[in-house]
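# Structural overview for review
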Amino acid sequence: MQLLCRVLGVSCAGYYQWRGRVQTTPAPWQVAAQQAFTRHARRYGTRRLRAELRAEGHAVGRYALCSWLHRNRLRALSTRPQRPRTTVADPAAVVAENRLLGQPAPTAPD
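Residues numbered from 1 in each chain as written. Predicted model: local features only at pLDDT ≥ 70, side-chain atom pairs only at ≥ 80, totals over all residues. Heavy atoms only, no water.

### Digging into the environment of E52
Put simply, the test is: Numbering of helices and strands runs from the N terminus, with a helix taken as a DSSP run of H or I at least four residues long and a strand as a DSSP run of E at least two residues long. Partly exposed residues are those whose accessible area sits between 20% and 50% of the maximum for their type, while under 20% is buried and over 50% is exposed, using a 1.4 Å probe and protein chains only. In this description, contact between two residues means that some pair of their heavy atoms is separated by no more than 4.5 Å. N or O atoms within 3.5 Å of each other form a polar contact, as long as, within protein, one can give a hydrogen and the other can take it, and as long as residues adjacent in sequence are counted only when both atoms are side-chain atoms.
Within the element layout of this structure, E52 appears in helix α4 (residues 46-55). Judged by its relative accessible area of 17%, E52 falls in the buried class. A C-alpha to C-alpha distance of 40 Å links E52 and D90, two positions 38 residues apart in sequence. Not counting the four nearest positions on each side in its chain, E52 is found in contact with A36, R39, H40 and Y44. A polar contact is formed between the side chain of E52 and the side chain of H40, at a distance of 2.8 Å.

Spelled out as structure tokens, the structure:
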């Protein structure tokens, strides 16, 4: 066993602790949350998932749902494209003239 643990890079105590864990079945709301999350193409966050689960009859809190998503490494995708925004929204806005272009070139460091 020690050779196997050394090859896998785990401690013997950690292996025995893992082996002694009780396998629990997921709660019914967790199965329904997984189905709803995939059904909506990973777009629903905790608020919309919770509303859908409550409509299906599952009583689950938003933070329990949030920690479950985090534990399973699930993250809702953004529905809006992330494009850069300019500071001037109007393309016909007047641009201020560059007043530094008329200055003479420096002759020595300041």
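### Comments concerning the nonpolar core
Let me state the cut-off plainly: Note on terminology: a nonpolar core comprises buried Ala, Val, Leu, Ile, Met, Phe, Trp, Tyr and Cys residues joined through side-chain atoms within 4.5 Å.
W29, A33, L49, L53, L65, W68 and L69 are the most contacted members of the largest nonpolar core, which has 13 residues in total. Put simply, the parts of the chain that give this core at least two residues each are α3 (28-39), α4 and α5 (62-71). At five residues, the largest contribution of residues to this core is made by α3.

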